[in-house]
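A structural walkthrough
Next come the chains, spelled out residue by residue.
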Amino acid sequence: MGIGVWQIVLILAIVLIIFGAGKLPKVMGDMGKGIKSFKAGINEKEEQDAGASAKTIENTTSASVSSESKDNEKDSVKS
């Protein structure tokens, strides 16, 4: 149930009629810039999410390490 060749041809014909042959390259260029910007925004968001996850893991790890070292200090003081 995907888009067939005839549907794509029909869509392109309608776009050509609406925008005309003169404006079509500008419209497609603007659409390409928009898609590129959208992809860059998605990648930036994923990098921010990955950085936040790494920072959370780092904080959790450092907290557990400091907790273990405190427990070890208490054990050595008791001995």
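A brief look at the structure comes next.

1. Quick word on the overall build of the protein
Counting its secondary structure elements, the protein contains one helix and zero strands. Within the protein, the fraction of its 79 residues that count as buried is 0%. When the accessible surface of the protein is split by element, carbon and sulfur atoms take 65% of a total near 7100 Å².

2. A closer look at a nonpolar patch on the surface
Taken together, Leu10, Ile14, Ile18 and Phe19 make up a surface patch of nonpolar side chains, about 400 Å² in accessible area. Topologically, Leu10 is positioned in helix α1 (residues 5–78).

3. Overview of the pattern of salt bridges
The final tally for this structure, using the stated rule, is one salt bridge. In this structure, the salt-bridge partner of Lys26 is Asp30, at a minimum N-O distance of 3.2 Å. Here Asp30 and Lys26 lie together in helix α1, a separation of four residues that amounts to about one turn. Overall, the relative accessible area of 57% leaves Lys26 in the exposed class. Take Asp30: its relative accessible area is 40%, and that puts it in the partly exposed class.

Rules used throughout
- Per chain, residues are indexed from 1 in the order of the written sequence.
- The predicted origin of the model limits local features to residues at a pLDDT of at least 70 and limits the giving and counting of side-chain atom pairs to 80 or more, whereas totals for whole chains, interfaces and linings rest on all residues.
- Side-chain metrics in this entry use all non-hydrogen atoms of the structure; hydrogen atoms and water are not considered.
- Here a helix means four or more residues in a row that DSSP labels H or I, a strand means two or more in a row labelled E, and each is numbered from the N terminus.
- To sort residues, take the accessible area from a 1.4 Å probe on protein chains only and compare it with the maximum for the residue type: under 20% means buried, over 50% means exposed, and anything in between is partly exposed.
- Residue burial considers only the protein chains on display, and all accessible areas are found by Shrake-Rupley using a 1.4 Å probe.
- Residues enter a patch when their relative accessible area is above 30% and they make no salt bridge; the linking distance is 9 Å between like charges and 5 Å between nonpolar side chains (Val, Leu, Ile, Met, Phe, Trp, Tyr).
- Throughout this description, the term salt bridge denotes a Lys or Arg side-chain nitrogen within 4 Å of a carboxyl oxygen of Asp or Glu.

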